[in-house]
Amino acid sequence: MKVVAFNGSPRKDGNTTILINKVFQELEREGIETEIVQLSAKQIHGCIACYKCFEKKDRRCAVKNDAANEYIEKILGAQGIILGSPVYFIDITPEMKALIDRTGFVSLANGRMFKNKVGGTVAAVRRTGGVHTIDSMNHFLLSQEIFIAGRAIAFGMDKGEVEKDEEGIQFAKSLEGCDDQSERRMTEMYALVVTIHIKPEHREEYIKAILDDARGSVKNEDNCLLFNVIQDETDPNCLYLYEAYRDVKAFEYHTQTPHFIHFFNTTKDWVTQPMAIGKGTHLFPLDDRWKKQV
Ligand SMILES: Cc1cc2nc3c(=O)[nH]c(=O)nc-3n(C[C@H](O)[C@H](O)[C@H](O)COP(=O)(O)O)c2cc1C
């Protein structure tokens, strides 16, 4: 398991670095691999709104003259992500904002490719704006469907001063809980309940497409245990899906399969509204009671 932290402070060994290192000390004690990225070490610009990532959907930013794609790779390669920023005018630094806009937009263009990771945030603040700064980073995590494990704010101005804020340091140390959450999310059975409203003129072809996807999922994916398609008894244009996967990785794999991508691309304009999707873990039956649907 790996956790990558992005430090938005231009001061390399400043207070934000100290907070990130407090989180890392605890993670490393548990054998977790860690990496800290100093955003000020390489150039990263803001998003230029070319929307090429939405056209190409190749999991890359089309602007290749800075570190954005390298950072996308680092997020994809980690299970946990820590965002750290000093408070600059009651908010995150421009470096952190550039990271969020550049990596976040490419992720959205590619079906939220960071989703289901676990995240945490830390902020170093002299006096005012700690909560707002944490909020800015948490909004990014929420927009990506990254589970938020916690946050830490610590007070200090000069380099090293946050060490004196014992409560803030304690919050940073407790962020190692993101590891437990990540581990649990990665190994538990994962289920989806989906509601779909089809345009009446596309009902037949939509139902054929979803049945192909359902059959493909159960037949070709070892870890898709169940894929039920239910038609509403009073509204034939309304379908409910109930899908169960061995774990969240199995679900992520499902979203990359040819049958799913074909279904997704062909049917996206055949619905009256976006799918309503509920996701979660099973309370009953217990995970070891599941057998694969045949
Ligand atoms: C440009 C700039 C703006 C800042 N704005 C704020 C602010 O709005 N509120 C605050 O409490 N501290 C502010 N600070 C102080 C930093 O948040 C504080 O010194 C922090 O500990 C720096 O963390 P670092 O060592 O990781 O860079 C600002 C500092 C700079 C350089």
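The structure presented is a predicted model; accordingly, all values stated were derived computationally and were not measured.

### Let's talk about the nonpolar core
Alright, step 1. In this structure, Leu19, Val23, Ile82, Leu99, Val122, Ala152 and Ala172 are the most contacted members of the largest nonpolar core, which totals 50 residues.
Alright, step 2. Ignoring anything within four residues of it in the chain, the contact list for Ala172 reads Leu19, Lys22, Val23, Val122, Ala152 and Ala154.

### Overview of the site of the ligand
Alright, step 1. Among the 19 residues in the neighbourhood of the ligand, the closest are listed as Ser9, Gly14, Thr16, Pro86 and Arg126.
Alright, step 2. For the shell around the ligand, the secondary structure elements donating two or more residues are α1 (15-29) and β4 (118-125).
Alright, step 3. A breakdown of the residues in the shell around the ligand according to their chemical character gives eight nonpolar, seven polar and four charged.

### Quick look at the packing of helix α8 (residues 203-220) against helix α10 (residues 258-267)
Alright, step 1. Contact geometry of α8 with α10 gives a least axis separation of 9 Å together with a crossing angle of 165 degrees. Here α10 runs roughly antiparallel to α8, going by the angle between their axes. Judged by the sense of rotation from one axis to the other, the crossing of α8 with α10 is left-handed. For the pair α8 and α10, contact is made by Tyr206, Ala209, Ile210, Asp212, Asp213, Gly216, Ser217 and Asn220 and by His259, Phe260, Phe263, Thr266 and Thr267, respectively.

### Overview of the pairing of strand β6 (residues 190-197)
Within a regular strand, side chains alternate between the sheet's two faces.
Alright, step 1. Two strands pair when backbone bridges link them, and β6 and strand β8 (residues 238-245) are joined in this way by eight bridges, in the antiparallel orientation. When the bridges of β8 are listed, Thr195 appears paired with Tyr240.
Alright, step 2. Pairing of β6 with strand β9 (residues 276-280), which is carried by five bridges, proceeds in the antiparallel orientation. Its bridge partner lying in β9, Thr195 is registered against Ala276.

### A word on unusual backbone geometry
Keep in mind that most residues, glycine aside, have a negative phi and that most peptide bonds are trans.
Alright, step 1. Looking along the chain, the bond that leaves Phe284 and enters Pro285 is cis, with omega of -5 degrees.
Alright, step 2. Mapped onto the elements, Pro285 comes out in the segment after β9.
Alright, step 3. Residue Phe89 is not a glycine yet carries a positive backbone phi of 50 degrees.
Alright, step 4. Mapped onto the fold, Phe89 is located in the loop between β3 (80-86) and α4 (94-109).
Alright, step 5. What makes Phe89 exposed here is the crowd of 10 C-beta atoms within 10 Å.
Alright, step 6. Positive phi is not limited to glycine here, since Glu145 has a value of about 60 degrees.
Alright, step 7. Position of Glu145 relative to the elements: it lies in the loop between α5 (130-143) and β5 (147-155).

Cut-offs applied
Residues numbered from 1 in each chain as written. Predicted model: local features only at pLDDT ≥ 70, side-chain atom pairs only at ≥ 80, totals over all residues. Core = buried A, V, L, I, M, F, W, Y, C linked by C-beta atoms within 7 Å. Buried ≥ 20, exposed ≤ 12 C-beta atoms within 10 Å, placed from the backbone. Contact = placed C-beta atoms within 7 Å. Near = placed C-beta within 6 Å. Helix = DSSP H or I, 4+ residues; strand = E, 2+ residues; numbered from the N terminus. Nonpolar A, V, L, I, M, F, W, Y, C, P; charged D, E, K, R; others polar. Axes fitted to C-alpha atoms, helices over the stretch in contact; angles between N-to-C directions. Parallel < 35°, antiparallel > 145°, perpendicular 65-115°, else oblique. Left-handed = near helix turned anticlockwise from the far one by under 90°. Pairing = 2+ DSSP bridges.

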